[in-house]
Amino acid sequence: MRPLVPRPLTAEAFAPYGEVFAVPETVGVRTSFDKGLANLKPDVPASLSIILAAPVPQPVAVEVIERHVFTSQSFVPMATARWVIVVAPGTAEDGPDLAAAEAFLPAPGQGITLAPGTWHAPLTVLDAPAPFALLMWRDYGPDDEEVIPIPAMAVAL
């Protein structure tokens, strides 16, 4: 399989997978990024988690991919950090299309909301531990998260 070469994260390029958000450039301006937030299971509570994510060894090899069928998932960096996002469209058989996987490098101040059902690699921080907030909806049932092993995909940084 070809190595994934990350490209800059833009709203247009990421649109098939979810929403991109960024810190406003003007002081005092509040921008809402709620179009991508979704909970497809009634009566499931919101979950806000904070993680100090460990950097992954480089070269980066993605060996599992996951999705959350019923909820969006937002990744909000809480400090400047270099991280990479790996996503893949779904197939007609309901699995990930690894041959069409893509990788994105967010700029400082950018975060994402993954659309429900989007196949993605776990949070992948590159250089040093980095704090992130994660927002989704969870009932902690067996269908909250689907994680599957995949043949290793290399990410060329």
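**Q** Could you clarify how one ought to interpret the packing of aromatic side chains in this entry?
**A** Within a pair of aromatic rings, the relevant descriptors are the distance that separates the centres and the angle that separates the planes. Summed over the entire model, instances satisfying the criterion amount to five aromatic pairs. A centroid spacing of 5.5 Å and a plane angle of 85° characterise the contact between Phe-14 and Phe-104, whose relative ring orientation is edge-to-face. With Phe-14 in helix α1 (residues 11-14) and Phe-104 in strand β7 (residues 102-105), this pair connects stretches of sequence that are 90 residues apart. For the residue pair Phe-14 and Phe-104, the accessibility class agrees, reading buried in each case. Here the aromatic residues Phe-14, Tyr-17 and Phe-104 are joined through ring pairs into a cluster of three or more.

**Q** What is the right way to read a nonpolar patch on the surface from this model?
**A** A cluster of nonpolar side chains, contributed by Leu-48, Ile-50 and Met-78, occupies part of the molecular surface with about 340 Å² of accessible area. Its location among the elements puts Leu-48 in strand β3 (residues 46-53). Among the residues examined, Leu-48 registers a relative accessible area of 62% and is labelled exposed.

**Q** Got a minute to help me understand the environment of Pro-24 in this structure?
**A** Relative to the helices and strands, Pro-24 resides in the loop between β2 (18-22) and β3. When the C-alpha positions of Pro-24 and Gly-109 are compared, they lie 8.9 Å apart, and in sequence the two are 85 residues distant. The contact partners of Pro-24, leaving out residues within four places of it in the chain, are Val-29 and Thr-31.

Analysis parameters
Residues numbered from 1 in each chain as written. Predicted model: local features only at pLDDT ≥ 70, side-chain atom pairs only at ≥ 80, totals over all residues. Heavy atoms only, no water. Phe/Tyr/Trp six-rings, centres within 6.5 Å; stacked < 30°, edge-to-face > 60°. Helix = DSSP H or I, 4+ residues; strand = E, 2+ residues; numbered from the N terminus. Buried < 20%, exposed > 50% of the residue type's maximum accessible area, 1.4 Å probe, protein only. Patch = residues over 30% accessible without salt bridge, like charges linked within 9 Å, V, L, I, M, F, W, Y side chains within 5 Å. Areas by Shrake-Rupley, 256 points an atom, 1.4 Å probe, with all protein chains shown as cover. Salt bridge = Lys/Arg side-chain N within 4 Å of Asp/Glu carboxyl O. Contact = heavy atoms within 4.5 Å.

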